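# Examination of the molecular architecture
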Number of protein chains: 2
Amino acid sequence: MKAITEVPNAVVKRLPRYKRILKELLKMGKTNTSSAEISALTGFTASQIRQDLNNFGTFGMQGHGYEVWKLYDQINRILGLEERYNMIVVGAGNLGQAIAHYTRYYKAGFPIIALFDVNPRLIGLRINDIEVMDFSCLPDFLRDNRIDIGIITTNKDSAQAVADYLVIGGVRGIWNFAMTDLSVPEYVAIEHMHLSDSLYLLTYQIQLNEMAQISSLGA
Amino acid sequence: MKAITEVPNAVVKRLPRYKRILKELLKMGKTNTSSAEISALTGFTASQIRQDLNNFGTFGMQGHGYEVWKLYDQINRILGLEERYNMIVVGAGNLGQAIAHYTRYYKAGFPIIALFDVNPRLIGLRINDIEVMDFSCLPDFLRDNRIDIGIITTNKDSAQAVADYLVIGGVRGIWNFAMTDLSVPEYVAIEHMHLSDSLYLLTYQIQLNEMAQISSLGA
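Residue positions are given per chain, counted from 1 along the sequence in the order it is written. Think of it this way: whatever chain is written first is A, whatever ligand is written first is 1, and the rest follow in order. Given that the model is predicted, a residue must reach a pLDDT of at least 70 before its local features are reported, and side-chain atom pairs must reach 80 or more before they are shown or counted; all residues, however, enter totals for whole chains, interfaces and linings. Heavy atoms from the whole structure form the basis of all side-chain values; hydrogens and water molecules are not counted.

What follows is about the overall build of chain A. Working definition: helices are DSSP H or I runs of at least four residues, strands are E runs of at least two. Numbering for both runs from the N terminus. Tallying secondary structure elements over chain A gives 8 helices and 9 strands in all. Dimensions of chain A, computed from the C-alpha atoms along their principal axes, are close to 60 × 50 × 35 Å. Each residue is placed in one exposure class: buried if its accessible area under a 1.4 Å probe, protein chains only, is under 20% of its type's maximum, exposed if it is over 50%, and partly exposed if it falls in between. Residue burial in chain A is summarised as follows: out of 219 residues, 53% are buried. In what follows, residue pairs with any heavy atoms lying within 4.5 Å of each other are defined as contacts. The long-range share in chain A, meaning contacts at least 24 apart out of those at least 6 apart in sequence, stands at 56%. Surface accessibility follows the Shrake-Rupley procedure with a 1.4 Å probe radius. Residue values consider only the protein chains on display as shielding. Surface exposure of chain A reaches about 10700 Å², of which carbon and sulfur atoms provide 52%. Lys and Arg are tallied as positive, Asp and Glu as negative. Neither His nor the chain termini are counted. Throughout, a charge is located at the NZ atom of Lys, the CZ atom of Arg, the CG atom of Asp or the CD atom of Glu. Mean positive and mean negative side-chain charge positions of chain A (21 and 22 charges, respectively) differ by 8 Å.

Here you go:
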């Protein structure tokens, strides 16, 4: 099996999607699957799927396809999902609250331990049974609790300062929803969730579709 | 200038980031910039930036760099952001409410006209001054109003049915936050926002960092 670091980035980005498909197959009680079946469910070509999955060793057996559980487990392992990650949310506005609720679905692996905010009207509230704490308590909290992932849902002007606190406090990763890019040391993982970026890719597609229609009318 | 359809997908995905950087430069009062400056702000290499921006024609003048406004305008045009997009949100739970608030920042271009839900406790509420309407009114609403983008923030079991209503109702694009992939006709644009996918890419990076640390300790 190849070292994980050798898996190309483009393949890694498709793994969560494979994971979702495999979970559906498991729910349907399927024990085996094929690149053709995964292709039908994802829209990726069967040959791309075989190539992608080849990166993780030899799962498929010629003519027998893949064992769903084995593949699902392997993808979880590669994505680092066998561990438990303690998370906190900084910024308890609507988005922070939505995430506090949303992550219920992430099941046991991603508990949110606390929310933090500077707004006195939010401090002390319980959201999905998670306490909103005063932001000024964050450094002490991080010293006293092992937090793996800090989620930033503040406005963009506060986001870098929050990231700095989180880094000093020892988080291993930052999930950033603030509308700005953040700098963190190399040893801290960061993933940006820019909602507006996704919206702009949608309007781009809308525009492409329109141009395709116009040019087909002209033809 | 190349036709927009010829711009490679990987370049398109970087455009929202360029847009953000250029906006910052505009705010700082800069009229000109260079690939070196954009490189320092994005982390992309200067040569990649020059290559990316070359896709949109000849903006840069050797030794003079880029005009910030011109480049910003051009990127907005390519992303389809010169238009106004009427949006509705289906699913007025925390995430739908967060989006209703969040899009305030998107300024004039993306007004949210209404929210829809099946929950009687939500119907009739006003969220960020937008009314939550009964989901059963959706088909009539779509017939009577020009809606460009439907945002789906329901649970995953309802999402495909909602998408079908939106397609029949004539939306041009769907922004899907439900944790499932949806099928829509080719002429409807769709962009999936799978929060958990982003979280898994974060845990993947965390794991890579850890392995790098372990192997550097061993060296």
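Chain A puts 64 residues into the contact, and the matching count from chain B is 64 residues. Buried area counts how much accessible surface, traced with a 1.4 Å probe, disappears from two parts once they are put together, with both parts' losses summed. Of the roughly 6000 Å² buried where chain A meets chain B, counting both sides, 64% is carbon and sulfur surface. Only one rule defines a salt bridge in this text: a Lys or Arg side-chain nitrogen within 4 Å of an Asp or Glu carboxyl oxygen. Connecting chain A to chain B are 10 salt bridges. For this analysis, a polar contact is any N or O atom pair within 3.5 Å, provided that within protein one partner can donate a hydrogen and the other can accept it, and provided that sequence-adjacent residues contribute only side-chain to side-chain pairs. Linking chain A with chain B are 28 residue pairs in polar contact (both at pLDDT 80 or more), by the criterion used here. Taken together, the elements giving at least two residues each to the side of chain A that touches chain B come down to helix 1 (9-27), helix 4 (68-78), helix 5 (94-102), strand 8 (173-176), strand 9 (189-192) and helix 8 (195-218) of chain A. Ranked by residue count, the leading element in the side of chain A that touches chain B is helix 8 of chain A, at 18 residues. A breakdown of the residues in the side of chain A that touches chain B according to their chemical character gives 34 nonpolar, 15 polar and 15 charged. Side-chain classes are defined by residue name, with Ala, Val, Leu, Ile, Met, Phe, Trp, Tyr, Cys and Pro counting as nonpolar, Asp, Glu, Lys and Arg as charged, and the others, Gly among them, as polar.

Now for the relation of the copies chain A and chain B. Overlaid copies result from least-squares superposition on C-alpha atoms, with residues included only where pLDDT is at least 70 in both. Here chain A sits on chain B after a turn of 180° about the axis and a move of 0.0 Å along it, with an RMSD of 0.0 Å. Look at the turn and shift together and you get a two-fold axis relating the two. Both copies share a contact surface, since 100% of the interface residues of chain A are interface residues in chain B too.

Here we come to the pairing of strand 7 (residues 149-152) of chain B. It is a general feature of regular strands that their side chains alternate between the two faces of the sheet. All names here are of chain B. Residues Ile 149 and Ile 151 point to one face of strand 7 and Gly 150 and Ile 152 to the other, with burial holding for every one of them. Sheet topology note: the strand 7/strand 8 (residues 173-176) ladder contains 4 bridges and is parallel. Residue Gly 150 lies in a different strand from strand 8, and its bridge partner there is Ile 174. Should DSSP find at least two bridges between two strands, the strands are regarded as paired.

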